[in-house]
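Architecture and fold: a report
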Amino acid sequence: MLDLYEMLAVSPEASGEDIARAYRRKARALHPDSRQDGTSDPALFHALADAYRVLSDPARRAEYDQARRAAYARPRRA
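Residues numbered from 1 in each chain as written. Predicted model: local features only at pLDDT ≥ 70, side-chain atom pairs only at ≥ 80, totals over all residues. Heavy atoms only, no water.

**Some remarks on helix H4 (residues 58-73)**
A turn of α-helix holds 3.6 residues, and therefore any two residues three or four places apart point the same way. Note the threshold: Each helix is a run of DSSP H or I of at least 4 residues and each strand a run of E of at least 2, with the numbering of both proceeding from the N terminus. Each residue after the first adds 1.5 Å to the expected span of a helix. Three exposure classes are used, based on accessible area relative to the maximum for each residue type with a 1.4 Å probe and protein chains only: buried under 20%, partly exposed in between, and exposed over 50%. Working definition: the arc comes from the directions between the helix axis and the C-beta atoms, pointing outward to the latter.
Between its first and last C-alpha, H4 extends 22 Å over 16 residues, near the 22 Å set by a 1.5 Å rise per residue. Buried residues of H4: Arg 61, Tyr 64, Asp 65, Arg 68 and Ala 71, and no others. In a view along the axis of H4, the buried residues occupy a sector of 130°, so they form one face of it. Of the exposed residues in H4, the ones pointing more than 90 degrees away from its buried face are Ala 59, Glu 63, Gln 66, Arg 69 and Ala 73.

Take a look at the structure:
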């Protein structure tokens, strides 16, 4: 499971303001228009935007947090 908090490099306890700040910082770095060296990864940029959409909406974030807790509570197979 892709962890949206890790993608934005914030803790699960981060405030909405912290999430927005982290998104803007990473979006500037990953945006295809800002990468003059031709190393842009549009898929990564879109994944970052999707992570922000979920974590910036309180209802979506609560739903994600619940699914995340459930995923981490399941025992892992060796």
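**Section: the pattern of salt bridges**
How we decide: Any carboxyl oxygen of Asp or Glu within 4 Å of a side-chain nitrogen of Lys or Arg constitutes a salt bridge here.
Under the definition given, this model contains four salt bridges. One salt bridge in this structure joins Arg 68 and Asp 3, with 2.7 Å as the shortest N-O distance. Placement of Arg 68 in helix H4 and of Asp 3 in the segment before helix H1 (4-8) is noted, with a sequence separation of 65 residues between them. Under the relative-accessibility criterion, Asp 3 is labelled buried at 5%. Across the pair Asp 18 and Arg 21 runs a salt bridge, and its minimum N-O distance is 3.3 Å. With Asp 18 and Arg 21 both in helix H2 (residues 16-30), this residue pair falls three residues apart, about one helical turn.

**Some thoughts on the nonpolar core**
Convention followed: Side-chain atoms within 4.5 Å link the members of a nonpolar core, which is a set of buried Ala, Val, Leu, Ile, Met, Phe, Trp, Tyr and Cys residues. Only heavy atoms matter for contacts: two residues are in contact if any of them lie within 4.5 Å across the pair.
Of all hydrophobic cores here, the largest spans 16 residues; its most connected members are Leu 8, Val 10, Ile 19, Tyr 23, Leu 48 and Leu 55. Looking at this core, the elements that each hand over two or more residues are H1, H2 and helix H3 (42-55). Here the element with the most residues in this core is H3; it accounts for five residues. Once you skip the residues sitting within four places of it in the chain, Tyr 23 turns out to touch Leu 8, Leu 48, Ala 49 and Tyr 52.

**Considerations on unusual backbone geometry**
Trans is the prevailing form of peptide bonds, just as negative phi is the prevailing case for residues other than glycine. Positive phi is not limited to glycine here, since Ala 9 has a value of about 60°. Note on placement: Ala 9 falls in the loop between H1 and H2.

**With respect to the packing of aromatic side chains**
Aromatic ring pairs are reported here in terms of the distance separating the ring centres and the angle at which the planes meet. Put simply, the test is: For Phe, Tyr and Trp, where Trp contributes only its six-membered ring, two rings pair if their centres lie within 6.5 Å, and the inter-plane angle classes them as stacked under 30 degrees, edge-to-face over 60, or tilted in between.
In the structure shown here, the tally under the stated rule is two aromatic pairs. Measuring from centroid to centroid gives 5.9 Å for Tyr 5 and Tyr 64, while their planes differ by 50°, and the two rings are tilted. Pair noted here: Tyr 5 is in helix H1 and Tyr 64 is in helix H4, with a separation of 59 residues, a long-range link. Judged by relative accessible area, Tyr 64 falls into the buried class, the value being 10%. For the pair Tyr 23 and Tyr 52, a centre-to-centre distance of 4.3 Å together with 15° between the ring planes defines the contact as stacked. Of this pair, Tyr 23 sits in helix H2 while Tyr 52 sits in helix H3; the two residues are 29 residues apart in sequence, bridging distant segments of the chain. What makes Tyr 23 buried here is its relative accessible area of 17%. Residue Tyr 52 is classed as partly exposed on the basis of its relative accessible area, which comes to 25%.

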